[in-house]
Amino acid sequence: MFDVIVRGGTVVDGSGAPGFQGDVAVKDGKIAAVGQVSGEARQVIDASGRVVAPGFIDPHTHFDVQLLWDGAAKPALEHGVTCVVPGNCSLSLAPLKAADRRAVVGMFQQIEEMPPEAFTTAFEWTWEDFAGYRAAIEKGLSINVAPLVGHSVIRLWVMGPAAQERAATPGEIAAMQDLLRECLDAGAVGLSTSFVDLDEHGRPVPSRYAQAEELDALAAVLGEYGRMLQVVPEFYATDITIARIDQLADLSIRHNIPTTFSPLFDTLAVPDNAERAIARVEEQFARGARVWPQMQTRPIDISFSLLRPSLFFARLPRWVRILRQPLDQRLAALRDPETREKMLADLGPDGGEAMFGRLIARGGDACPRALVGKTLSQIAKDRGQPAGLALIELSLENGLDVAFLSAGQGHQVTDRIGPMLAHPLVHIGASDGGAHLASFSTYGDTGYLFSEFVRKAGAMSLEKAVAKITSETADIWGLKDRGRLQPGLAADIVVFDAATIDREDELPVFDMPGDGMRYTRAARGVDTVLVNGAVAYSGGAYTDAKSGVVCV
Amino acid sequence: MAELSRQRRFVTPGPGETVEQLAARAMPDQPLESAVDRIKSWNLHVFAMRRPPGLMLGSDVIFVEPPVTHA
């Protein structure tokens, strides 16, 4: 007697081989049989007309905190994602001394655009070490987790405030190595670091103060375990990205470790950016290195209002400082003629037309309906104001609750992106799931892979797309019992309609702690998701199953 | 082992190293002032775009030649 049989679907087993009509049987959380399965099961799932595939793996997320109150990492799971990798970009929630929590929350707030209330109101922060964090999330997981440990927090643990002041001493580097070993023993899938990020005070994050010797020493520890090094490079500058690829390649070869950098964007502003980076990756793989560029499927669209700080203003530090103030102070600053004059001066002589003119009013509870869909350039012209002033005054007139969309910021040309995603050395990922909450939805990239690049563009076959986000991801990350429908492996399974799987429209929802807002996208075409053999999502609803594990 | 194509040469700063010290190390045949000026001009990500400008970090990539022309 099996626990579950998924019957009569097109089995796309994750290997890249052609799909075939068959069944998948599950017993004790593992795949027990694949093919024409006879016998009975306690639960039979009719998959006729549907694809049955391994659960998808999302290798670049920031669900670190959300997992503490939402073990499904909603809505990731309903998109068919059965394993997420949090802890990217040098930031994790362990190891972290209580005294350093505020500083790291500030980094998450600044870098990943996550509200501080998410860290203070929804759970009791009881742990300091990595094992403690693991135990805290394991209490309620519906999804599998392969957590990275962040270089910045390791540095902070060992060096305290000096982590953002200076190079480490040999003794401090040795202490970081020991701490990394402890984290890897406790279930970390690897180490993440950042070469670009700033904290909430505009200071480089701790990992950026590391000398090459420090990173080399930590990579040596990763080599003891064969674990991953993840890096966020200066993705906006091709020459620097290539230099980072070379650094990662040297570490990969010297310590026999996999490495990955994310994101790799395509942008028409620098049309050969991704092409040159991929060419260098090819050369380094030929040399024996493993340097996997992560590329997201979705275009870059950023939404914002003046109610919250936004990534959109990253190049306007004065605006960032003002928008991060409490609401009453922010309103006062936006109304203050002297402050406003300085803000407008930051936009240049055209009054913000070049920077803001193409923004589209997309809504917000207070946005006048007649304005929805109009560009800020049109709105400003109608008001007889420069674009920057129109943005501020329109927002003030409506309690700041007017949302704007900056569409097509890059990575939006399907005919360019498709062949890159299909490239054998390009790792599909970089979703940033769980981050940038009020700027854009970080969910549904897998649905978009199928709708845009399989069905619409034909950039790759269904089987290839499934393999890219299942077996290939598992192999890259060393997740040995995931990513394939194969007897003996974990029964992470998604049943979906190949003709309709997609992401729904991006919508604001208010489900974050403290009634915080985030943009999300629901799934389309995903029928059933099993995690370690238990049905975690079915027929449009989550179940009570808590079968997720830390799967390293 | 496969050959790598030529890419732009770079160094990383040593602990507490100044741009003058880095320039002397990376471009020993150049007059110091000229070497510093060149390094600053080739590394706007550190010497122009960063706040405060010129704050060098141990993890930085510092180019020691201009961009390589690609066909």
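Rules used in this analysis
Residues numbered from 1 in each chain as written. Chains lettered and ligands numbered in written order. Predicted model: local features only at pLDDT ≥ 70, side-chain atom pairs only at ≥ 80, totals over all residues. Heavy atoms only, no water. 1 Å grid on protein atoms, 1.4 Å probe; cavity = no way out; pocket = protein on both sides within 12 Å on 5 of 7 lines; lining within 4 Å. Points joined across faces, edges and corners; volume = space filled by probe spheres on them. Helix = DSSP H or I, 4+ residues; strand = E, 2+ residues; numbered from the N terminus. Nonpolar A, V, L, I, M, F, W, Y, C, P; charged D, E, K, R; others polar. Domains from an automatic or database assignment. Contact = heavy atoms within 4.5 Å. Buried area = accessible area lost by both parts, 1.4 Å probe. Salt bridge = Lys/Arg side-chain N within 4 Å of Asp/Glu carboxyl O. Polar contact = N/O pair within 3.5 Å; in protein donor to acceptor, adjacent residues only side chain to side chain. Pairing = 2+ DSSP bridges. Axes fitted to C-alpha atoms, helices over the stretch in contact; angles between N-to-C directions. Core = buried A, V, L, I, M, F, W, Y, C linked by side-chain atoms within 4.5 Å. Buried < 20%, exposed > 50% of the residue type's maximum accessible area, 1.4 Å probe, protein only. Patch = residues over 30% accessible without salt bridge, like charges linked within 9 Å, V, L, I, M, F, W, Y side chains within 5 Å. Areas by Shrake-Rupley, 256 points an atom, 1.4 Å probe, with all protein chains shown as cover.

Draft legend 1. Highlighting the layout of surface pockets. Residues and elements named next belong to chain A. Taken as a whole, the second largest pocket spans an internal volume of roughly 330 Å³. Lining of the second largest pocket is provided by 18 residues; of these, Gly-363, Gly-364, Asp-365, Ala-403 and Pro-508 occupy positions nearest its centre. Only β14 (302-304), β15 (360-363), β20 (507-512) and β21 (516-520) provide two or more residues apiece to the lining of the second largest pocket. When grouped by side-chain class, the residues that make up the lining of the second largest pocket number 10 nonpolar, 4 polar and 4 charged. A domain-level breakdown of the lining of the second largest pocket finds at least three residues from each of domain 1 (2-55 + 501-541) and domain 3 (302-406).

Draft legend 2. Spotlight on the interface of chain B and chain A. Chain B puts 23 residues into the contact, and the matching count from chain A is 22 residues. Between chain B and chain A, the buried area comes to about 1,900 Å², and carbon and sulfur atoms account for 59% of it. Taken together, chain B and chain A are joined by 1 salt bridge. For Asp-239 of chain A, the salt bridge is made with Arg-8 of chain B, and the minimal N-O distance between the two is 2.9 Å. Scanning the region where chain B abuts chain A turns up 8 residue pairs in polar contact (both at pLDDT 80 or more). Here the residues of the side of chain B that touches chain A are counted per class, giving 11 nonpolar, 8 polar and 4 charged.

Draft legend 3. Inspection of the sheet that holds strand β17 (residues 427-428) of chain A at higher detail. All names here are of chain A. Pairing within the open sheet is parallel, and its 6 strands lie in the order β9-β10-β11-β12-β13-β17. Of all strands in the sheet, those with a lone pairing partner are β9 (148-150) and β17, marking the two edges. With 2 bridges joining them, strand β13 (residues 291-295) and β17 adopt parallel strand pairing. For Gln-294, the partnering residue across the bridge sits in β17 and is His-427. Against the sheet, helix α7 (residues 238-255) contacts β11 (228-232), β12 (259-261) and β13, and its axis sits at roughly 165° relative to β12.

Draft legend 4. Local environment of the pairing of strand β5 (residues 51-54) of chain A. All names here are of chain A. With 2 bridges joining them, strand β1 (residues 2-11) and β5 adopt parallel strand pairing. The residue of β5 that forms the bridge with Thr-10 is Val-51. The sheet contact formed by β5 and strand β18 (residues 493-496) spans 4 bridges and is antiparallel. Each residue of the ladder has a partner; that of Ala-53, found in β18, is Val-494.

Draft legend 5. Here's a closer look at the nonpolar core. Residue and element names in this part refer to chain A. Ranked by internal contacts, the top residues of the largest apolar core, which has 120 residues, are Phe-450 and Phe-496. The residues that make up this core include at least three from each of domain 1 (2-55 + 501-541) and domain 2 (56-301 + 409-476 + 486-496). Setting aside anything within four residues of it in sequence, one finds Phe-450 in contact with Phe-56, Arg-455, Leu-462, Ala-465, Val-466, Ile-469, Phe-496 and Ile-501.

Draft legend 6. Fine view of a nonpolar patch on the surface. On the surface, a cluster of nonpolar side chains totalling about 350 Å² of accessible area is made up of Tyr-236 of chain A together with Leu-44 and Met-49 of chain B. Tracing the chain through its elements places Met-49 of chain B in the loop between α3 (44-47) and β2 (62-63).

Draft legend 7. Local environment of the pattern of salt bridges. A full pass over the atoms with the stated rule returns 41 salt bridges over all chains. The residue Arg-6 of chain B makes a salt bridge to Glu-65 of chain B at a minimum N-O spacing of 2.9 Å. Of this pair, Arg-6 of chain B sits in the segment before β1 (10-11) while Glu-65 of chain B sits in the segment after β2, placing them 59 residues apart in sequence. Taken together, the shared-partner salt bridges connect Lys-30, Asp-481, Arg-482 and Asp-492 of chain A into one network.

Draft legend 8. Inspection of the domain arrangement of chain A at higher detail. All names here are of chain A. If you check the domain split of chain A, you get domain 1 (2-55 + 501-541), domain 2 (56-301 + 409-476 + 486-496) and domain 3 (302-406). The distance between the C-alpha centroids of domain 1 and domain 3 comes to 43 Å. Each side of the interface is counted separately: domain 1 has 4 residues, and domain 3 has 4 residues. Where domain 1 abuts domain 3, roughly 340 Å² becomes buried across the two surfaces, and 39% of that area is made up of carbon and sulfur atoms. When the buried area of domain 1 at its contact with domain 3 is split by residue, Glu-506, Met-517 and Tyr-519 rank highest and sum to 86% of it. On the surface where domain 1 and domain 3 come into contact, there are 1 salt bridge. Notably, a salt bridge pairs Glu-506 with Arg-362, separated by 2.8 Å at the nearest N-O pair. Each residue belonging to the side of domain 1 that touches domain 3 can be placed in one class, and the counts come to 3 nonpolar, no polar and 1 charged.

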